[in-house]
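Results of the structural survey
Given next are the chains, with one letter for each unit.
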Amino acid sequence: MNSRPAPFDELDRKIVTALMANARTSFAEIGAAIGLSSTAVKRRVDRLRETGVITGFTATVKPSALGWRTEAYVEVYCEGAAPPRRLAEVVRNHPEITAAMTVTGGADALLHVRARDVEHFEEVLERIRAEPFIRKTISVMVLSHLLPDSPEAGASHPVPEDAGHGTDSGAADVRLT
């Protein structure tokens, strides 16, 4: 097996761009737009998936349609040096946390939390704060999205069964993640 990464050329870039705009676009449509056959586009997409450039296809869904009506970012401050591995274990236990990362600055981590309502958010926050190594949290509630088409304005994770009130069956924009 070749240990060198596969080349990523301008045609690959055009294919990825087309799929990011609409992952449901057919290989024939992409091929017609960039001057390749649908078979050649499929081969390239398969290679891009095999090499990890394309990691999957997901539906971007309006969070409120899934019952997520409250959104916040939570700065987490830990006692001592909490390893990222331990923080990752904690956030995996909270399905309401849709993104989590370690950060520079005063906080140790930043969490993106979605909840049904303020009461549900408060319950999630209490669960996070109950972790023995968490010293404090600072929360910032989202009022509105200034860039409504950004990935942060949509949801790429299903709502936990105990958090939703049903789903709408409207059209979903499919995006690459």
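Quick caveat: nothing in here was measured; it's all calculated off a predicted structure.

**Some thoughts on the sheet that holds strand 2 (residues 70-78)**
- Taken together, the four strands give an open sheet; going across it, the order is 3-4-2-5, and neighbouring strands pair in antiparallel fashion. Only two strands of the sheet have a single partner each, and these edge strands are strand 3 (97-102) and strand 5 (134-141). The mean inter-strand angle of the sheet, taken between neighbouring strand axes irrespective of direction, is 20°.
- Each of strand 2, strand 3 and strand 4 (109-115) touches helix 4 (residues 84-92); the most contacted strand, strand 3, lies at about 170° to it.

**Some details on the packing of aromatic side chains**
- According to the stated counting rule, one finds zero aromatic pairs in the structure shown.
- The lysine or arginine in question, Lys-136, covers the ring of Tyr-77, its NZ or CZ lying 4.7 Å from the ring centre.

**Thoughts on the packing of helix 2 (residues 27-34) against helix 3 (residues 38-50)**
- The contact between helix 2 and helix 3 brings their axes to 8 Å, and the two run at 105°. With respect to their mutual orientation, helix 2 and helix 3 come out roughly perpendicular. Listed contacts from helix 3 to Phe-27, Ala-28, Ile-30 and Gly-31 of helix 2 are Ser-38, Val-41, Lys-42 and Val-45.
- Residues of the contact of helix 2 with helix 3, tallied by class, amount to five nonpolar, two polar and one charged.

**Some remarks on helix 2**
- Listing the buried residues of helix 2 in full gives Ile-30, Gly-31 and Ile-34. Down the axis of helix 2, the smallest arc covering the buried residues is 100°, so these residues share one side. More than 90 degrees from the buried face of helix 2, the exposed residues found are Ala-32 and Ala-33.
- Buried residues along helix 2 sit in contact with helix 1 (10-21) and helix 3.
- Positive phi appears at Gly-35, one or two residues downstream of helix 2, with a value of about 85°.

**So, the nonpolar core**
- Ranked by internal contacts, the top residues of the largest apolar core, which has 19 residues, are Val-74, Val-76, Leu-111, Val-113, Phe-121 and Phe-133.
- Going through the elements one at a time, strand 2, helix 4, strand 4 and helix 5 (118-129) are the ones with two or more residues in this core.
- When near neighbours in sequence (up to four residues on either side) are disregarded, Leu-111 contacts Ala-72, Tyr-73, Val-74, Val-76, Val-91, Ile-97, Ala-99, Ala-100 and Ile-128.
- Ile-15, Ile-34, Val-41 and Val-45 belong to the second-largest nonpolar core, a separate cluster that totals nine residues.

**Focus on the pattern of salt bridges**
- Following the criterion strictly, the structure yields 10 salt bridges and no others.
- Arg-114 serves as the salt-bridge partner of Glu-71, at 3.3 Å between the closest nitrogen and oxygen. Placement of the pair is Glu-71 in strand 2 and Arg-114 in strand 4, with a sequence separation of 43 residues.
- Accessibility expressed as a relative area gives 8% for Glu-71, which makes it buried.
- In this structure, Arg-127 engages Glu-96 in a salt bridge whose closest nitrogen and oxygen atoms are separated by 2.9 Å. Within this pair, whereas Arg-127 is found in helix 5, its partner Glu-96 is found in the loop between helix 4 and strand 3, the two being separated by 31 residues in sequence.
- The exposure class of Arg-127 is partly exposed, given its relative accessible area of 27%.
- On the accessibility criterion, Glu-96 (3% relative accessible area) is buried.
- The network of salt bridges with shared partners includes Asp-9, Asp-12, Arg-44 and Arg-47.

Each value, and the rule that gives it
Residues numbered from 1 in each chain as written. Predicted model: local features only at pLDDT ≥ 70, side-chain atom pairs only at ≥ 80, totals over all residues. Heavy atoms only, no water. Pairing = 2+ DSSP bridges. Helix = DSSP H or I, 4+ residues; strand = E, 2+ residues; numbered from the N terminus. Axes fitted to C-alpha atoms, helices over the stretch in contact; angles between N-to-C directions. Contact = heavy atoms within 4.5 Å. Phe/Tyr/Trp six-rings, centres within 6.5 Å; stacked < 30°, edge-to-face > 60°. Lys NZ or Arg CZ within 6 Å of the ring centre and 35° of its normal. Parallel < 35°, antiparallel > 145°, perpendicular 65-115°, else oblique. Nonpolar A, V, L, I, M, F, W, Y, C, P; charged D, E, K, R; others polar. Buried < 20%, exposed > 50% of the residue type's maximum accessible area, 1.4 Å probe, protein only. Arc of directions from axis to C-beta. Core = buried A, V, L, I, M, F, W, Y, C linked by side-chain atoms within 4.5 Å. Salt bridge = Lys/Arg side-chain N within 4 Å of Asp/Glu carboxyl O.

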